[in-house]
Amino acid sequence: MPESKRTRIGLIGCGFYAQNHLHAWSDLKTEGADLVAVCDLDGAKAEAAAKQFGAKAYSDARAMFTAEQIDLVDITTQMNSHKALAALAAEHKVGAIVQKPFAPTWADCIDIVETAKRHGTWLAVHENFRFATGMRRVRAVIDSGAIGQPNWARLGFRTGYDVFKGQPYLAEEKRLVILDVGIHVLDLARYFLGEVKHLTCETQKRLPHVKGEDTATVMMRHNSGAVSIVESTYAARKIPDAFPETLLEIEGTEGSIVVGRGDKMQVTTQGIFFEENIGSPLLSWTSRPWHNSQEAVLHTNRHMLNRFRAGDAADTSGEDNLKTYALVEAAYEAAASGQSVKPPQWIAKS
Ligand code: NAD
Ligand code: 89V
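Worth saying up front: this structure is predicted, and the values here are computed from it rather than measured.

Here eight strands make up an open sheet; going across it, the order is E8-E9-E10-E7-E11-E12-E13-E14 and the pairing mixed. With one partner strand each, in any of the chains shown, strand E8 (196-204) and strand E14 (272-277) form the two edges of the open sheet. For this sheet the average axis-to-axis angle between neighbouring strands, irrespective of direction, equals 10°. Here helix H10 (residues 318-337) sits on the sheet in contact with E8 and strand E9 (215-222), set at roughly 55° to E8.

Next up, the structure:
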């Protein structure tokens, strides 16, 4: 591919989950992505990533943007830094992908979207669950019409896996499971059943060592009339544990889809039944139990690369992700008030 057609990638935040992004960008080299620079406040982490993946190391994002000609930056830091880093990218006319959760507050998410709009820069959120091989397959079955019109669903991320070992900061979050992983499952509910009219939510704190809610049960009415239940917990005690699988049941007018442990999808279509394994293949850099989540990073980054190059919005653009984040906001409000809540809406300034 000629140099002019290649895309120069920068990555900010070389921590725990970014290792998957680094591998994914490296795999995408054959498709025109060049990881040219990596940055972390912790210089040693940046140096280690730079050495392994053949990029230049920085410990200051502004210095990286000034010194390098970056087309697209992958922001893989924790949410508190997303607003400032996305603004820096926009200021330098660089497209940005921001890891989930978009930001700590609804107001900050809107700010990030409006800043990119003002600068005319491309913006997307790395919401990877809907890009996982298995979840794409579920959507393909729905799109094929095999289950008719989906009208009821339950989607659950229920685990007792020690997520705090790899991500110790989670134990300190006042808004925990809905904002950290419920957000992925709420996004899947939108992906499968469409936008949401209103919802109710109950939260619980069942683990002694965390500050926020570790369990949430959300019930939603979609615009289509469908009803869904979205469950997320870090406090389940089950053998075998399903981490990090999203288990689900989707019922429609002509059939149903059930995804159970071990990536097993069972489809009933007009009285006929079939079963399929929808797990992700293992790659050289992925391992169980994380492999589905890890492989989804590769598909997400590929989608971002292709849409960015085409000048088209990503499926999970900043604006799209506001609709997922609105469900998070509504869930917390519903849990606090005990009322049914309409998700907030962002109206673009013309
Ligand atoms: P982490 O703390 O391990 O890594 C973040 C890194 O960013 C750290 O090394 C830190 O030094 C660096 N950093 C922070 N501010 C910076 C700045 N201004 N400039 C440069 N570097 C900076 O965090 P993590 O567990 O890797 O999580 C990162 C993000 O990934 C979070 O938003 C988390 O929710 C998300 N995540 C997503 C998934 C998924 O499946 N999509 C899974 C796990 C984590
Ligand atoms: O997928 C995630 O976003 C992770 C974890 C699986 C721990 O929730 O934060």
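This part takes up the pairing of strand E10 (residues 227-233). Buried residues dominate E10, accounting for seven of its seven residues. On E10, burial covers both faces: Val-227, Ile-229, Glu-231 and Thr-233 on one face and Ser-228, Val-230 and Ser-232 on the other are all buried. With seven bridges connecting them, strand E7 (residues 150-158) and E10 associate as parallel partners. From the neighbouring strand, Ala-153 faces E10, where its bridge partner is Ser-228. Sheet topology note: the E9/E10 ladder contains seven bridges and is antiparallel.

A few words on empty space enclosed by the protein. Taken as a whole and judged by the stated rule, the model has two cavities of 30 Å³ or more. In this model, the largest cavity occupies a volume close to 180 Å³. Around the largest cavity, the lining residues are Phe-129, Ala-132, Gly-134, Met-135, Pro-244, Glu-245, Thr-246, Val-259, Asp-263, Ile-278, Asn-292 and Ser-293. Looking at side-chain class alone, the lining of the largest cavity contains six nonpolar, four polar and two charged residues. Of the voids in this model, the second largest cavity is the one considered here, and its volume is about 80 Å³. Around the second largest cavity, the lining comprises 14 residues; the ones closest to its centre are Ala-86, Ala-87, Ala-90, Ile-112 and Ala-116. Going through the elements one at a time, helix H4 (82-91) and helix H5 (106-119) are the ones with two or more residues in the lining of the second largest cavity. Ranked by residue count, the leading element in the lining of the second largest cavity is H4, at five residues. Its residues placed into classes, the lining of the second largest cavity shows ten nonpolar, two polar and two charged.

About the cut-offs
Residues numbered from 1 in each chain as written. Chains lettered and ligands numbered in written order. Predicted model: local features only at pLDDT ≥ 70, side-chain atom pairs only at ≥ 80, totals over all residues. Heavy atoms only, no water. Pairing = 2+ DSSP bridges. Helix = DSSP H or I, 4+ residues; strand = E, 2+ residues; numbered from the N terminus. Axes fitted to C-alpha atoms, helices over the stretch in contact; angles between N-to-C directions. Contact = heavy atoms within 4.5 Å. Buried < 20%, exposed > 50% of the residue type's maximum accessible area, 1.4 Å probe, protein only. 1 Å grid on protein atoms, 1.4 Å probe; cavity = no way out; pocket = protein on both sides within 12 Å on 5 of 7 lines; lining within 4 Å. Points joined across faces, edges and corners; volume = space filled by probe spheres on them. Nonpolar A, V, L, I, M, F, W, Y, C, P; charged D, E, K, R; others polar.

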